[in-house]
Every structure is written in structure tokens, then in C-alpha cells.
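# A structural walkthrough
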Amino acid sequence: MIEEILLKALKAIGIEADYVEVVVPKHESLGDVSTPAAMLYAKKLKKNPSVIADSIITAINAPDVFDTIEKAGAGFINFRFKLSYLYGQLLKLYTEGSGYLRPNIGKGQKIQIEFVSANPTGPLHLGHGRGAALGAAVANLLSAAGYCVEREFYVNDAGRQVRLLGESVFARYKEITGTPYNFPEDGYRGDYVDELARDTHAAYGDKFSQSEFAVASEFFIAYAYKQMLEEIKNDLADFGVEFDRWQSEKELFTDGTITKTIEKFRDKGLIYEQDMDNICEKNRKYGNFKESIIEKGVAVWFKATELGDEKDRVLMKSDGQYTYFASDIAYHVLKLNRGFDGLINVWGADHHGYIPRIRAVIKAAGHDENKLTVLLVQMVMLLRGGVPVQMSKRAGEYVTLRDVVKEVGKDITRFIFLTRRPDSQLEFDMEAVKQDSPDNPVYYIQYAYARINSVFEKAEKRQISLSFDNTTDLSGLSSPEELSLIKKLIFYPAAFQTAVRTRQPHMITFYLQELAGLFHPFYYKHRILDEEAQLTRARLMLCACVKIVIGEGLSILGVSAPDKM
RNA sequence: GCCCUCUUAGCUCAGUAGGAUAGAGCACAUGAUUCCUAAUCAUGGGGCCACAGGUUCAAAUCCUGUAGAGGGCACCA
């Protein structure tokens, strides 16, 4: 709104721009909003910022909006709103609700967001939880912004990892039946593996006791990963995270998507065969070549270097097996072919080296590489009272997402993940989180919501109407606390837009903390119900708006908004 | 060896289109409730924005280098 007024003014003095910076000054004494636009264009126009500021000010035509417009500092233009404008906006927020709070940025564009996508070889850990919280929040955010969002979980149900899981369960099963079997070297050792083996034995008895793994593998692999997948689905559901689609990797093999994709790339001249002798030389230069792993033969390669990656990548090994990357190519091309305008992948930061090759794939498929956004999620350090919790995935000893949610709760867990930038490492101290629990920022926000609700209940008992319209007289809202609250509220759409543009929901989190931080002092200093009727009604409407905005923000974060606490 | 990310108050972290005097929570200290929920409020101390250069009217923010932390560099998944 303010931005549009300024853009119009800029245009009037001959500056074409599609963005102008509008900020809330650090000190309220400077103004309600401010723009450094004049300084920005000073160089371009070769004029003094002060002169430009003057001409912008004269060009601004918004007598209903601003009370004062002042030039200040090195060329800032500071604005102060008219009370009538603030009241008008508040009424708009109240009557339009999400129409006001959710500017339509996406305009129906189709976005697909793939997240979590954990191997179905064990329970989710806390890192997955961070990815889940972020992915779900970004999906909510974009969906609120008018994008058509699909949430997908890519199931790695093919390949070595699920095979290892199956074999691990098989080995434990054999143990139970008294026919020892060498436990696979990199096998999964968690309690859940033993449990799966016991379940199998309970259901099928000694049926497989004499089988070789080669014979029984299909059953054990499918049985084990399907059970794990169910568990993952349950964990996610309990964490409040839902998906629209579960894409099986295995299906990409069986329905021919992979071979078709590779042939398409071959037609474009992006595929070649090469035997390993050439590669040995190349790889030696990197100094990380492990000869022992490689077998003699011809492999199928993707010319990733032509599309910006630093190395070409193998799609089919010389032993005839597809690499993981082959199915990943097929998967991303499939996603693009399904007609999305944008793809978002939420990945663990340890996969960042993977980005260039996937971008190469997108270019190879004839799409703009910017269609892909990768959100990297850094690791979570789990602490207990300042001491790192030792985890060994190998030994199957680690604290699961389920454990943490059970101990500290879903709302706190999700909120903490969304209070940090995704790409910074996060310390999650279970003791600290619980100890602080009464003072936890989540509760601070939720409490504001619950308090309002409680006032509303009292109001209803006293037969005070809780519906408001343009006849509601807001002129009683004049204290600093009230005006700050109104300004904060009507800035929600701006905060929302930044969060959408950067795909970073933590901006909503911080906004909510600030909003609650204005509400509580207001509540403390001013009575709502025992005032003269008109003022009570005005304050109730202000509270209604706070409630609407907090409810809106929390729903994007996936945190509950309780009526009572 | 090469590449990526991070380093802001005692602690955990914001500061994301370079803007005015550097922000919050926790912790610490002092105080507030006959009244709509004290899971609240008020006041206070606390900083070489890792370090060194550079670009700019303006740098925590952009560029280069150094140090520290994490991660990545297979015909692994």
C-alpha cells in the first residue's frame, strides 16, 4: 500500500522502479515508516539526495494516508500516518480477514515442495523434524500466498539402503530361528530392527528359516521398509505434517521412467559411454580416487559439465546397475513434466554439493534452472543440559523425533525449528527448552491468543457484541500502546510478503513475537471491559484483530492457537 | 588439495533488496497483582557484529584475504 504510493510518486518524477524500500524506523520518534529512496537514486540522477527527497515529497499524493511527511538525516523521507488511515486499515483487516492478510502473490502458480524424504530404514530423527517443520511451514506460507502447492515425500524404496534394512531384519530373524546368518557389515542395528524380526517370526514362524537371503530378500525388504514407512507416516502425522503425494523411487524403475529419461537425454547428445581407464586418470587428479571400488567395464555418463556442474556424472555403473543419480534425474524430470512452475527441495545441508548436478538436469530437460529452489537445512545438535547427546546411527542409538516430541511437545519443537534460519546450525537443548517452558516464546504468543479469548468469553457473558463494522467508533484508540499495536497489525502483510519472497517462515515467527510483545503491555496497562461502552468496543475490536493475526501466523507455522491455557 | 555454509551481548538467536544511535529472548539485578489469565508488566547493566584490507555518500550486510566451526568432493546411497 505504502509501496504503491511511493512507486507512483517516483514515476511522477521520472523514475521507473518495481520496488522501493519501505522500512519501519528503528526509533519511533523518527516516524511510522520511512524510505531511503532519495539516497538510492541520488547517484543515478546525479542530484543531491535532499533535492530528490523534496521532489518525491511533492509528488506524493496521498492526503488521506499521511499526516506528516518529513525529510530527515542524510536523505530519508519519514512518514506519519493519519489516525483515520490507521483506523480504516484496522477495519479492513477485521472485515476482509485473509483477503487482507494474504496478498495474492502466487496467482495460482503451481509449486511442488518435496521434503523430509527420509530413507524408510529407521525412525525419523530430529534433523528430519527440522526439515519437516520447515517444509510444512513453507508449504503453508506459499499456499496462503495464492500458490497452488503440492507436498511430496520421495520414498527411497529402491536400492542399497532398503536392501540393507531387509537383510538386517533377515539376519535377526535367522537368529531367532536358530539358523545363524552373518549380520551385514553396514547393517541397521536399532531395536526397531529386532522388533521387525520378531514380528516377522510371530506372523510367519519358521517359514524362512532355511531360506537364503537371495530367495527371501524380496519379502524381507518389502516387509521391512513398508513397516518403517508406516512408522514414518505416523510420526509425521503426530508432528502435524501431512503430504499430498508419496512418490516411490522403485516405481521409476519399473514403469520405465528412468530408461525413457536417459534415452531422451541421449537424443540431446548429453549421454556417452566410457570405460574406466580414462576415468582413472581423471579421478587421480582429485586425489580421492579409490581404485578398489571400481570394476572394469563401460559405464554410462551424463554430460553434467556442459550444464554447469564440475564433473560429469555416472548414470549406469559398469556392472549394469543404475546409480542413485539416475533415479534422481528421472524423478526431477518427472516433476517438471507434471507441469509445476516451480520446484522446492528441502535438503539436509550435507547434500549441498548435489545442487549443481540437479540444476544441470533441469537445464538438460529444457527448463529454466531457476525453477528449482533448494532450501538447505543445517544439522541439529541435540543437547541435554548443555551436554551433547551421543548418537550413533550405526549402532542404532539415537534420539528420535518421536522421543523429542513426546518429551517437549509438538508446538515447542516446531516453534524452535522455525525460530532459526534454516541454514544455520541449531542447538536443541532438551533441558533448557523444558526448563524455560513457562517463559517459552511459544507460550508468550499463545498466551496472548488465549488471553484475548478469555476476555471475549467475559464480554459475551456481559452481552457485549463482538461483531464490528464501519460504524464501530475507534477514535478511543489513542494511547501509544494501542497505536503501536495497530501499526504492527497492519504491517503483517508486508512481513508476510518478505517471508514468501525469501521462502523463510521464521520471519513470521519473529513478527508474532513482536506482536505479542506489544499486546501484553497493552493488556497490562489498559482495561478492556470496564471502560465506557464505546472504548470497550474499540478495544475489543483491536483484540479481535490481534487474535486474527496471531491465529493466521501460528497456522502458517503449524503451531496450535489454544483458546485456554 | 579443491569447493560450499557459518562466526553478532555471558547463553540461544534475529537483523534476507547496503541506510539513521546494533535488536529480542534467556540468565542476572530491582520493582509491580484488592482489577478482564502474573505463562504478564516496568526499570537496569551488558557489543572491536571473528580478524585485516577494499568498494560506497553510507557496510553486521557486498568483494578479497586470514583464523576458527560444520559440511561436501566415488562407476556410494
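What you are looking at is a predicted structure, and each value in this text was computed from that prediction instead of being measured.

Rules and cut-offs
Residues numbered from 1 in each chain as written. Chains lettered and ligands numbered in written order. Predicted model: local features only at pLDDT ≥ 70, side-chain atom pairs only at ≥ 80, totals over all residues. Heavy atoms only, no water. Pairing = 2+ DSSP bridges. Helix = DSSP H or I, 4+ residues; strand = E, 2+ residues; numbered from the N terminus. Contact = heavy atoms within 4.5 Å. Axes fitted to C-alpha atoms, helices over the stretch in contact; angles between N-to-C directions. Buried < 20%, exposed > 50% of the residue type's maximum accessible area, 1.4 Å probe, protein only. Arc of directions from axis to C-beta. Salt bridge = Lys/Arg side-chain N within 4 Å of Asp/Glu carboxyl O.

### Remarks on the sheet that holds strand β12 (residues 380-384)
- Read across the open sheet, the three strands follow the order β13-β12-β14; overall the sheet is mixed. Of all strands in the sheet, those with a lone pairing partner are β13 (387-388) and β14 (426-429), marking the two edges.
- Pairing analysis gives two bridges linking β12 to β13, with the strands arranged antiparallel. Across the sheet, Arg384 pairs through a bridge with Val387, a residue of β13.
- Helix α6 (residues 126-144) contacts β12 and β14 of the sheet and is inclined by roughly 125° relative to β12.
- Running over the sheet, helix α16 (residues 410-417) touches β12 and β14 and is turned about 160° from β14.

### Some remarks on helix α11 (residues 257-267)
- Three or more residues of α11 are buried, namely Thr257, Ile258, Thr261, Ile262 and Phe265. For α11, the arc enclosing every buried residue in end-on projection is 125°, short of the 170-degree limit, so these residues lie on one face. Seen from the buried face of α11, the exposed residues on the opposite side, beyond 90 degrees, are Lys260, Lys264 and Asp267.
- The secondary structure elements touched by the buried residues of α11 are α10 (249-254), β7 (271-275), β8 (298-302), β9 (313-316), α13 (324-337) and α14 (355-364).

### Quick notes on the pattern of salt bridges
- This model, assessed by the stated rule, comprises 31 salt bridges.
- When the shortest N-O distance is used, the salt bridge between Arg266 and Glu273 registers 3.1 Å.
- Its relative accessible area of 42% is what places Glu273 among the partly exposed residues.
- In this structure, Glu431 and Arg384 form a salt bridge, with 3.2 Å as the shortest nitrogen-oxygen distance. With Glu431 in helix α17 (residues 430-435) and Arg384 in strand β12, this pair connects stretches of sequence that are 47 residues apart.
- Relative accessible area serves as the criterion here: at 28%, Glu431 is assigned to the partly exposed category.

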